[in-house]
Amino acid sequence: MTKRTWTPPKPTKPLAKAYIVFGADEYARPRAARFWARHVEPLEEAAAAMNVRLVQVSNPKLAELMIALPPGRLHASGREFLPHVNGETYAELAAVTLIQQPSDHPAATTETLPCNWDEVAQGHLVLARETRECGWWEAVVIERKRDLLTLRYRDYPDHPNFVRRRSAVALIAAPAF
């Protein structure tokens, strides 16, 4: 009879998680890509170097949007790994991620998301249209005078305030839980 010896099991690799990286390039054109990664650190470093957002896919709406995004490539230089996306896709992505905020941004609540145009006031979060080519961006209302809104980009607080007509601003729907 052969004697069997016990061998410890090999350590398992961590499971890959789904991520979306998105933001604007130097010309303010929307970019986004989907990634599967076991280790998030290289993605975090590349996203920080490009000044874009990294979001872990953790809800069904983000998973649905992820399918519509092109796959990204992480180069050793950490540059040029996000393909351009259309403004509509970017606006949807931005709206969904307002609900799931990174730790360095205050979470959007139903108090900061107006339900209708009559409620829009200082401190509310909206989507502002930059141009047709550049898409929509999260903005905080600084002041409202009838149909004119003075805004600042939420993710770019050093960027100067700007004014948009109501027709160039969209409301963000509060999450339905």
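Residues numbered from 1 in each chain as written. Predicted model: local features only at pLDDT ≥ 70, side-chain atom pairs only at ≥ 80, totals over all residues. Heavy atoms only, no water.

1. Notes on the overall build of the protein
Point 1. Within the protein, the secondary structure is distributed over 3 helices and 8 strands.
Point 2. Helices and strands appear in the protein in the N-to-C order β-β-α-β-α-α-β-β-β-β-β.
Point 3. For the protein, buried positions account for 40% of its 177 residues.
Point 4. Counting every atom, the protein has about 11,400 Å² of accessible surface; 53% of that belongs to carbon and sulfur. (Helix = DSSP H or I, 4+ residues; strand = E, 2+ residues; numbered from the N terminus. Buried < 20%, exposed > 50% of the residue type's maximum accessible area, 1.4 Å probe, protein only. Areas by Shrake-Rupley, 256 points an atom, 1.4 Å probe, with all protein chains shown as cover.)

2. Topic: the sheet that holds strand 3 (residues 53-56)
Point 1. Here we have 3 strands laid out as an open sheet, ordered 2-1-3, and antiparallel in their pairing. Strands at the two margins of the open sheet, each flanked by one partner only, are strand 2 (30-37) and strand 3. Taking each pair of neighbouring strands and ignoring which way they run, the sheet shows an average axis angle of 20°.
Point 2. In the sheet, strand 1 (residues 17-24) pairs with strand 3 via 4 bridges, with the strands oriented antiparallel. Paired with Phe-22 across the bridge in strand 3 is Arg-53. (Pairing = 2+ DSSP bridges. Axes fitted to C-alpha atoms, helices over the stretch in contact; angles between N-to-C directions.)

3. Topic: the pattern of salt bridges
Point 1. Taken as a whole, this structure holds 7 salt bridges when the rule is applied.
Point 2. The closest approach of N and O atoms between Asp-155 and Arg-53, which form a salt bridge, is 2.6 Å. Of the two residues, Asp-155 sits in the loop between strand 6 (148-153) and strand 7 (162-165) while Arg-53 sits in strand 3, which places them 102 residues apart along the sequence.
Point 3. Judged by its relative accessible area of 25%, Asp-155 falls in the partly exposed class.
Point 4. Residues Arg-154 and Glu-138 are paired through a salt bridge, measuring 3.7 Å at the closest nitrogen-oxygen approach. Taken together, the residues span a long stretch of sequence, with Arg-154 in the loop between strand 6 and strand 7 and Glu-138 in strand 5 (residues 135-145) at a distance of 16 residues.
Point 5. On the accessibility criterion, Arg-154 (10% relative accessible area) is buried. (Salt bridge = Lys/Arg side-chain N within 4 Å of Asp/Glu carboxyl O.)

4. Section: helix 2 (residues 60-68)
Point 1. If you check which residues of helix 2 are buried, you get Leu-62, Leu-65 and Met-66. Angularly, the buried residues of helix 2 cover 110° about the axis, an arc narrow enough to put them on a single face. Of the exposed residues in helix 2, the ones pointing more than 90 degrees away from its buried face are Pro-60, Ile-67 and Ala-68.
Point 2. Where helix 2 starts, the residue carrying a side-chain oxygen 3.1 Å from the main-chain nitrogen of Lys-61 turns out to be Asn-59. (Arc of directions from axis to C-beta. Polar contact = N/O pair within 3.5 Å; in protein donor to acceptor, adjacent residues only side chain to side chain.)

5. Thoughts on the nonpolar core
Point 1. By size, the foremost hydrophobic cluster in this structure holds 36 residues, and its most contacted members are Ile-20, Phe-22, Leu-62, Leu-93, Leu-149 and Leu-151.
Point 2. At the level of secondary structure, the elements contributing two or more residues to this core comprise strand 1, helix 2, helix 3 (87-99), strand 4 (125-131), strand 5 and strand 6.
Point 3. Counting residues in hydrophobic clusters, the runner-up holds 13 residues, among them Val-21, Ala-33, Phe-35 and Leu-82. (Core = buried A, V, L, I, M, F, W, Y, C linked by side-chain atoms within 4.5 Å.)

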